[in-house]
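# An overview of the molecular structure
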Amino acid sequence: VIPLEPVDDLTITVLVENISDLLIAGGEGIERASLPGSPTLENPVFRRPAPDVMVAEHGFSALIEMTQAGSTQHVLFDTGISRDGMVENMRRLDVEPKDVGALVMSHGHLDHTGGLDGFIRAVGRRNLPVILHPDFWLDRRLAPPGAEAFEIPTTSRSALEGAGFEIVESRQPSFLLDRSLLVTGEVDRTVDFEQGFPIHQAKRDGEWTPDPLILDEQAIVVHVRGKGLVILTGCGHAGIVNMVRYARRLTGVDQVHAVIGGFHLTGGLFEPIIGPTVDALAELNPALVMPGHCSGFRAQQELAARLPEAYAHPSVGTRLTFASA
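Residues numbered from 1 in each chain as written. Predicted model: local features only at pLDDT ≥ 70, side-chain atom pairs only at ≥ 80, totals over all residues. Heavy atoms only, no water.

The six strands lie next to each other as E12-E13-E16-E17-E18-E19, forming an open sheet whose pairing is mixed. Bordering the open sheet on either side are strand E12 (174–176) and strand E19 (288–292), each of which pairs with just one other strand. This sheet shows a mean twist of 20° between the axes of neighbouring strands, independent of strand direction. Relative to strand E13 (residues 181–183), E12 runs antiparallel, the two sharing three bridges. Counterpart to Phe175 in the pairing with E13 is Leu182. Contacting E13, strand E16 (220–224), strand E17 (228–233) and strand E18 (256–262), helix H5 (residues 240–251) crosses the sheet at an angle of about 140° to E17. (Pairing = 2+ DSSP bridges. Helix = DSSP H or I, 4+ residues; strand = E, 2+ residues; numbered from the N terminus. Axes fitted to C-alpha atoms, helices over the stretch in contact; angles between N-to-C directions. Contact = heavy atoms within 4.5 Å.)

This part covers the sheet that holds strand E6 (residues 71–77). Strand order in the open sheet formed by eight strands is E2-E20-E1-E5-E6-E7-E8-E11, and the pairing between neighbours is mixed. If you trace the sheet from one side to the other, it starts and ends with strand E2 (30–31) and strand E11 (166–169), each paired once. The strands touched by helix H1 (residues 85–92) are strand E1 (9–16), strand E5 (61–68), E6 and strand E7 (100–104); relative to E1, the strand with the most contacts, the crossing angle is about 125°.

Looking now at the environment of Gly85. Note on placement: Gly85 falls in helix H1. For Gly85, a relative accessible area of 16% gives the class buried. The spacing of Gly85 and Pro129 is 44 residues in sequence and 22 Å in space, taken between C-alpha atoms. (Buried < 20%, exposed > 50% of the residue type's maximum accessible area, 1.4 Å probe, protein only.)

What follows is about the pattern of salt bridges. Any two side chains of opposite charge can pair if their charged atoms end up close together. This structure, assessed with the given rule, holds 19 salt bridges. Linking Asp52 and Arg91 is a salt bridge whose minimum nitrogen-to-oxygen distance equals 2.8 Å. Within this pair, whereas Asp52 is found in the loop between strand E4 (50–51) and E5, its partner Arg91 is found in helix H1, the two being separated by 39 residues in sequence. Two residues, Arg157 and Glu169, come together in a salt bridge whose shortest N-O distance is 2.3 Å. Separated by 12 residues along the polypeptide, Arg157 in helix H4 (residues 157–162) and Glu169 in strand E11 bring together distant segments of the chain. A single salt-bridge network, built from bridges that share partners, covers Asp135, Arg140, Arg171, Glu186, Arg204, Asp211 and Asp216. (Salt bridge = Lys/Arg side-chain N within 4 Å of Asp/Glu carboxyl O.)

In this section: the nonpolar core. Ranked by size, the top nonpolar core spans 34 residues in total, and within it Val221, Leu229, Ile231, Phe263 and Leu303 carry the most contacts. Only E17, H5, E18, helix H6 (274–284) and helix H7 (297–306) provide two or more residues apiece to this core. Tallying contributions element by element places H5 first for this core, with seven residues. Among residues more than four places away in sequence, those in contact with Phe263 are Thr233, Cys235, Gly236, Ile240, Leu281, Val289, Met290, Pro291, Gly292, Cys294, Ser295 and Leu303. If you look at the next biggest cluster of nonpolar residues, it comprises 30 residues, including Ile12, Ile131, Val222 and Ile260. (Core = buried A, V, L, I, M, F, W, Y, C linked by side-chain atoms within 4.5 Å.)

In contact at an axis separation of 10 Å, H6 and H7 are set at 35° when each is read in the N-to-C sense. Between H6 and H7 the crossing geometry is right-handed. Between H6 and H7, the contacting residues are Ile274, Gly275, Val278, Asp279, Leu281 and Ala282 on the first element and Arg298, Ala299, Glu302, Leu303 and Arg306 on the second. Among the residues forming the contact of H6 with H7, the class breakdown is six nonpolar, one polar and four charged. (Left-handed = near helix turned anticlockwise from the far one by under 90°. Nonpolar A, V, L, I, M, F, W, Y, C, P; charged D, E, K, R; others polar.)

From the geometry alone we can't say anything about function, so treat these as descriptive.
Here you go:
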C-alpha cells in the first residue's frame, strides 16, 4: 500500500474535451462554461462583441488544482490534439499556463499530446517536470484487418528537452505535490473482459508488433479527505475497471468518490464490454462519474441510466470542485 496524503480541496478543470455544450446544466460541485460567462471578441457580423466560446476537439486535457496550507499548486494532465486548442481554452477560462508546475502525460497518443507545442510557446523555456511512461515514445499505428495501417504521430523527445522540460520516465507509481497526488504508472491488468486494443501496434527493433495493452496508459489519483478517491484518466486504454481497481489496491482506500475522463468504450471493438464495465462501476457506487472523450455515446447512455444521480455529462470548460467531508 502506498500512503497517499488526503487533501481538503481539489479542483479539476476540463480544458480539452470532444463535446462543447454551452447550455448544459451544472450542479453541486459542477460549474459549466456558458455563453453568459464567456469572454467576448469583436466579430464584424454582429452589432456588438460576441462570446469567445470554448472550442471542443477530439482529445483530452485537464488542469488539477490543489490547495494546501494556503498555497495552490497546478498540474496539467494531457494537452489535447491541436497545437493551440488547449492554450486558447485556457485563455477563455482565465487560466494562466505559467502557473502549471508539472505535467503528467496519460500516454503517447496524439490526441493527448498535440497541445504540447502551444503550451511550450505559451510558457517559454522552463524546467518543468513531465511525468510519463517509457513506452510514451514508441512509434505506433492502427492496423485494421483489410485496411491500410494508420501511423500515429509520436512526440519528439528532443522537442520537450529543447523546451527545458525535465523528462521523468517511470513504470512505477510516483508522487507529486507532497505525496498528495499519485500517478499510477503502469496499471496491472486483472479484469478478464478488458483485453486492450487489438488493432494497435508498436514498432520495436524496427519491426511492427502487436501492442494491444498500450502499457504507457496511466491515471492520476487523489484522495479527498472523508470522501474517497478521485480517479482521472486520459483514454482508459488499460481498462477503466482495471485502473479503478489498481488505484484502490495501490492506496488501500476502498471508497471511490469520482471517476472522470476517457473510458475508451466507443466503436465496434469496445461496445461489447460496455455491459460488464457499467456493472463493475455501478457496484462501486461513486458519487460522480463523468465519462468523456473516447467513452462513446452508448457507454454514456448506459452509465447515465444505471447511475442517474452520479452521472455528469462531459463538456469542455467543466470545473469540478471537491471538498473534504
